[in-house]
Amino acid sequence: MPKGWSFVQGDKPGWLRLAWQFLRRPRLDPISMIGDNKSIMAFNLIWMFDKALELANLAAELQELHLPPPHVGETFSFDDAPSALRRLQSGKTVGKVVLEVGDNCIRGLL
């Protein structure tokens, strides 16, 4: 559940509070995003977890293509992710919006 979302009040679920938070959540309409030339993308590589050698080979083949790097418009620290999201929602970005994940974030996940 996103940070700040809580629907348990004491020992009972607060269904009204949960419904209110759900209704106030940011909305993204995939159909209108296409028309506005916007996207949110991610890669799920968990299916490659037990295929590290194959993933390394694919990465090497990709590197051999010598593709130019994408244009990075703005960079935000992971701790400042809400600002990055607000910037994306503003529709005024040019290039990629990057979240930098430091070693401290990675250590916290392990």
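Conventions we followed
Residues numbered from 1 in each chain as written. Predicted model: local features only at pLDDT ≥ 70, side-chain atom pairs only at ≥ 80, totals over all residues. Heavy atoms only, no water. Helix = DSSP H or I, 4+ residues; strand = E, 2+ residues; numbered from the N terminus. Buried < 20%, exposed > 50% of the residue type's maximum accessible area, 1.4 Å probe, protein only. Contact = heavy atoms within 4.5 Å. Areas by Shrake-Rupley, 256 points an atom, 1.4 Å probe, with all protein chains shown as cover. Phe/Tyr/Trp six-rings, centres within 6.5 Å; stacked < 30°, edge-to-face > 60°. Lys NZ or Arg CZ within 6 Å of the ring centre and 35° of its normal. Salt bridge = Lys/Arg side-chain N within 4 Å of Asp/Glu carboxyl O. Patch = residues over 30% accessible without salt bridge, like charges linked within 9 Å, V, L, I, M, F, W, Y side chains within 5 Å. pLDDT = per-residue confidence, 0-100. Pairing = 2+ DSSP bridges.

**A few points about the overall build of the chain**
1) Next: Each helix and strand counted, the chain has 5 helices and 4 strands in total.
2) Next: Listed by position from the N terminus, the elements making up the chain come as β-β-α-α-α-β-α-β-α.
3) Next: Counting over 110 residues, the chain shows a buried share of 7%.
4) Next: Long-range contacts, defined here as pairs at least 24 residues apart, represent 21% of the contacts in the chain between residues at least 6 apart.
5) Next: Accessible surface, the chain as shown: approximately 10,000 Å² in total, 61% of it carbon and sulfur.

**Section: the packing of aromatic side chains**
1) Next: Taken as a whole and judged by the stated rule, the model has 0 aromatic pairs.
2) Next: Lying across the ring of phenylalanine 22, arginine 25 places its NZ or CZ 3.9 Å from the centre.

**Points about unusual backbone geometry**
1) Next: Positive phi, close to 50 degrees, is recorded for histidine 66, a residue that is not glycine.
2) Next: Mapped onto the elements, histidine 66 comes out in the loop between α3 (52-64) and β3 (72-77).
3) Next: Relative accessible area serves as the criterion here: at 69%, histidine 66 is assigned to the exposed category.

**Digging into the environment of histidine 71**
1) Next: Position of histidine 71 relative to the elements: it lies in the loop between α3 and β3.
2) Next: The sequence separation of histidine 71 and lysine 96 amounts to 25 residues, and the corresponding C-alpha distance is 6.1 Å.
3) Next: Sequence-distant contacts of histidine 71, that is, excluding residues within four places in its chain, are made with Val94, Gly95 and Lys96.

**Things to note about the pattern of salt bridges**
Side chains that carry opposite charge are capable of pairing whenever their charged atoms lie near each other.
1) Next: One pass over the full model with this rule turns up 1 salt bridge.
2) Next: Salt-bridge contacts for arginine 87 lead to glutamate 74; the nearest nitrogen and oxygen are separated by 2.5 Å. Within this pair, whereas arginine 87 is found in helix α4 (residues 81-90), its partner glutamate 74 is found in strand β3, the two being separated by 13 residues in sequence.
3) Next: When its relative accessible area of 28% is taken as the criterion, arginine 87 is described as partly exposed.

**Here's the deal with a nonpolar patch on the surface**
1) Next: Together, Phe43, Leu45, Ile46, Trp47, Phe49, Leu55 and Leu58 make up an exposed nonpolar region whose accessible area comes to about 850 Å².
2) Next: Position of leucine 58 relative to the elements: it lies in helix α3.
3) Next: Judged by relative accessible area, which is 41%, leucine 58 ranks as partly exposed.

**A look at the confidence of the model for the chain**
1) Next: Per-residue confidence for the chain gives a mean pLDDT of 79; residues scoring 70 or more make up 81%.
2) Next: Per-element confidence in the chain is highest for β3, whose mean pLDDT is 91, and lowest for helix α5 (residues 103-109), whose mean pLDDT is 55.

**Observations concerning the pairing of strand β4 (residues 96-100)**
1) Next: Relative to β4, β3 is paired through 5 bridges, and the arrangement is parallel. Residue pairing across strands places glutamate 74 opposite valine 97, the latter belonging to β4.

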